[in-house]
Amino acid sequence: MSSTTEHREIVVGIDPSRDWRLTVAWAADEAHRRHRALRLVVAVPPQHDTHHVDDTPRHTVRALEGKDAVSAAAEWARERRPGTGVATAVVDGFPAQVMARLAQDAAMVVLGSRHLSRTEEYLSAGALVVPVTAQARCPVVVVGEAEHSTQEPPYLVVGVDGSESSLAALAFAAQEADLRRAELRAVAVWQPPVFSLRSSDTMFEAERRQLSEITAGWSEKYPGLRLTHEVRVGSPVEILAEAGEHALALVVGRRGRGGYTGMRVGSVVHGLLHRARCPVVSVPVR
């Protein structure tokens, strides 16, 4: 691994209008585990309308609010994880464009969820998660719900379908579980074909063998890792969301990078961003 890669930061998007503590807590803990620095970022969109009654441009007011918010978040992160390097930035631009640009050189991007509707995700000026997830070259973590750290034993879930992106997700999840000393549950979801010359039992057994082969070897790389695997039948989004109901996080692969609208983020990832009740980590193909 190059020194450039080693020193990449975990970049966190801060929304001054929302409570950022859940997002910053996840990022600060992850930076501590991975010995990374944090960069907390507020993006201030351009403003083309009128002034306040005191003649202060709204853009200036938003910039000041952003500076206050990111400073408070940085202080809070340092108190939570002393010794972790924390930098801040207030950047002019639309949040999705700013974060997507920063994601090109980050080790990881951590975002909070605004719980927008599917239409708002594509058309709203506040849309952030989908376009950034679609374009980032690094793992993107969406912290819409708290991780279930009280679950015993603690575990992560990774979705595996044999694709290159799911293999990247499995590699990330195995490392993450090892860092957390947590169990890793690999889940493959099988949807029986409507028409096939092969029996369902034969195809299901083939799916189980494939998953067993894919997950073999990770416990050797991480001797302390407890890894289980299972094939379940149903909708990938519903099955994976259910499997991650009490998980520390749900890890899935992400197909290639799309345009600004994020239309190529993938239907499973897109569905889980709405359905999952734990942080969702999407991992690109390296």
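Attention shifts here to the overall build of the chain. Scanning the chain for helices and strands turns up 11 helices and 10 strands. Out of the 286 residues belonging to the chain, those deemed buried represent 47%. Across the chain, contacts joining residues at least 24 apart in sequence account for 79% of those joining residues at least 6 apart. Of the roughly 14,400 Å² of accessible surface on the chain, 49% is carried by carbon and sulfur atoms.

A pair of packed helices is captured by two measures, namely the crossing angle of their axes and the spacing between those axes. Following both chains from N to C, one finds helix H10 (residues 236–243) and helix H11 (residues 267–275) inclined at 45 degrees, their axes separated by 9 Å at the closest point. As summarised for this structure, H10 and H11 are arranged oblique, according to the angle between their axes. Note that H10 runs across H11; the crossing there is right-handed. Contacts between H10 and H11 involve Pro236, Val237, Glu238, Leu240 and Ala241 from the former and Ser267, Val268, Gly271, Leu272 and Arg275 from the latter. Looking at the contact of H10 with H11 residue by residue, the classes come out as 6 nonpolar, 2 polar and 2 charged.

One face of the sheet, then the other: side chains in a regular strand alternate in exactly this way. Here strand S5 (residues 140–143) shows no split at all, with Val140 and Val142 on one side and Val141 and Val143 on the other all buried. Where strand S4 (residues 108–112) lies against S5, 4 bridges are found, and the strand directions are parallel. When the sheet's bridge partners are listed, Leu111 is paired in S5 with Val142. As paired elements, S5 and strand S10 (residues 280–284) share 3 bridges and run antiparallel to each other. Opposite Val142, over in S10, you have Val280 as the bridge partner.

Conventions and cut-offs
Residues numbered from 1 in each chain as written. Predicted model: local features only at pLDDT ≥ 70, side-chain atom pairs only at ≥ 80, totals over all residues. Heavy atoms only, no water. Helix = DSSP H or I, 4+ residues; strand = E, 2+ residues; numbered from the N terminus. Buried < 20%, exposed > 50% of the residue type's maximum accessible area, 1.4 Å probe, protein only. Contact = heavy atoms within 4.5 Å. Areas by Shrake-Rupley, 256 points an atom, 1.4 Å probe, with all protein chains shown as cover. Axes fitted to C-alpha atoms, helices over the stretch in contact; angles between N-to-C directions. Parallel < 35°, antiparallel > 145°, perpendicular 65-115°, else oblique. Left-handed = near helix turned anticlockwise from the far one by under 90°. Nonpolar A, V, L, I, M, F, W, Y, C, P; charged D, E, K, R; others polar. Pairing = 2+ DSSP bridges.

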